[in-house]
Amino acid sequence: MYSRVYVEITNICNMNCSFCHGHSRKPRLMTEDEFSRILDALEGQTKHIYYHLMGEPLLHPQLPLFLEKANKKGFRSVITTNGTLLRERGEEIISAKPHKVSISVHSFEGNDEKAYESYMNDIISFADVASETGIIVVFRLWNKGYDGGRNSRTFDILRSSLEGEWVENTRGIRIRDKLHLEWGDRFEWPDMGAEVQGNSFFCYGLRDHFGILCDGSVVPCCLDSDGRLALGNIFDGDIEKILASPRANAIKEGFEHRRASEELCRRCGYAQRFV
């Protein structure tokens, strides 16, 4: 069983962040029927569904319905969001009871001070309420060296606004039960125009996770933004056969021997942290 599966319910986003690779695919929203079919196919494959590869999941008007459907089938839903829509949609998201919400606070690294302060108030209000209801909430600052000094300001605002133990750990800070702050390095997305990243390669793609793009394309990892490594389509194929295809097996076997069978994987900066 996979630890998680990334299901991209939309590839549309309301921001243009400097750290995001972006994609060249046609804008699309997954339908309710398509999502239901994916849930059926993923039974026995995983317990955790992550609602993104590209795109901002809170832009999907049926996200609360999708969360409720997943809950009824016993899945745990994990949302990663830039947080800009939590003022408008926070209450309905909390009511739909996701397992976890990660807020990429670094999405606001280049915005003006007034907008930044309003944004911080919105995400703090959401996190305070959501964590008290039992939803895990994580503030993400995955932008070391690229924050322009704003991370310290963000930390000060969070620290003064949220009560808790504020205990440091290896990944960041445990603010209190169900509420955390994480930081990490900015990374380079895989891109065919990038340089080859060394001589040894390893990735957890197809080992503990895989992804499904909003058109149903099954991809080996959460960073295949354009579906270049598509293994098949879940809407017209059996997921177990797709994951056992010759291309999928070549990818897995290659990484077992510290090789990359795909050219895109050879140009992935993120995978180098596992070598």
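Here, the structure is the one placed above.
Just so it is clear, the model here is predicted, and its values are computed rather than measured.

Trainee: What should I look at first to understand the overall build of the protein in this one?
Mentor: Within the protein, the regular secondary structure consists of seven helices and eleven strands. Taken over C-alpha atoms, the radius of gyration comes to 19 Å for the protein, in line with the 19 Å a tight globule of 275 residues would show. With the principal axes as the frame, the protein shows a C-alpha extent of 55 × 45 × 35 Å. Roughly 12900 Å² of accessible area belongs to the protein as shown, and the carbon and sulfur atoms make up 46% of that amount. Charge centroids of the protein, computed over 35 positive and 40 negative side chains, lie 3 Å from each other.

Trainee: Would you mind showing me how to read the pattern of salt bridges here?
Mentor: Two side chains of opposite charge can pair, provided their charged atoms sit close to one another. A full pass over the atoms with the stated rule returns 17 salt bridges. Here Glu132 makes a salt bridge to Arg176, at a shortest N to O gap of 3.4 Å. Residue Glu132 is found in helix H4 (residues 113-132), and its partner Arg176 is found in strand E7 (residues 172-176); the two are separated by 44 residues along the sequence. Residue classification places Glu132 among the exposed positions, given a relative accessible area of 59%. With a relative accessible area of 10%, Arg176 lands in the buried category.

Trainee: When you look at the side chain of Arg140 in this model, what are you seeing that I'm missing?
Mentor: Its location among the elements puts Arg140 in strand E5 (residues 136-144). No salt bridge forms around the buried Arg140; measuring N to O, its nearest opposite-charge neighbour Glu182 is 4.4 Å away. Excluding its chain neighbours within four sequence positions, the residues that come into contact with Arg140 are Thr80, Ser102, Ile103, Ser104, Val105, His106 and Glu182.

Trainee: Even after reading the chapter, I still don't get the environment of Asp128, so can you show me in this structure?
Mentor: Locating Asp128 in the fold gives a position in helix H4. Classification of Asp128 as partly exposed rests on a relative accessible area of 32%. Counting along the chain gives 35 residues from Asp128 to Glu163, while the straight-line C-alpha distance between them is 9.2 Å. For Asp128, the residues in contact, after removing those within four places along its chain, are Leu162 and Arg176. A distance of 2.6 Å separates polar atoms of two side chains, one belonging to Asp128 and the other to Arg176.

Criteria and thresholds
Residue indices follow the written sequence of each chain, beginning from 1 at its first position. Thresholds applied to this predicted model are a pLDDT of at least 70 for local features of residues and 80 or more for the giving and counting of side-chain atom pairs; totals over whole chains, interfaces and linings are not thresholded and use all residues. Note that the side-chain values use all heavy atoms of the structure and ignore hydrogens as well as water. Counting from the N terminus, the helices are DSSP H or I runs at least four residues long and the strands are E runs at least two residues long. To get the radius of gyration, use the C-alpha atoms; to get the globule rule, take the number of residues to the power 0.38 and multiply by 2.2 Å. For accessible areas, the Shrake-Rupley method is used with a probe of radius 1.4 Å. Any residue's cover is judged against the shown protein chains and nothing else. Under the counting rule used here, the positive set is Lys and Arg, the negative set is Asp and Glu, and His together with the chain ends is not counted. Working definition for charges: the position is that of NZ of Lys, CZ of Arg, CG of Asp or CD of Glu. For this analysis, a salt bridge means a side-chain nitrogen from Lys or Arg found within 4 Å of a carboxyl oxygen belonging to Asp or Glu. We call a residue buried when its accessible area falls under 20% of the maximum for its residue type, exposed when it is over 50%, and partly exposed in between, using a 1.4 Å probe and counting protein chains only. In this description, contact between two residues means that some pair of their heavy atoms is separated by no more than 4.5 Å. Polar contact is defined as a pair of N or O atoms within 3.5 Å, subject to the rule that within protein one atom must be able to donate a hydrogen and the other to accept it, and that residues adjacent in sequence are counted only when both atoms are side-chain atoms.

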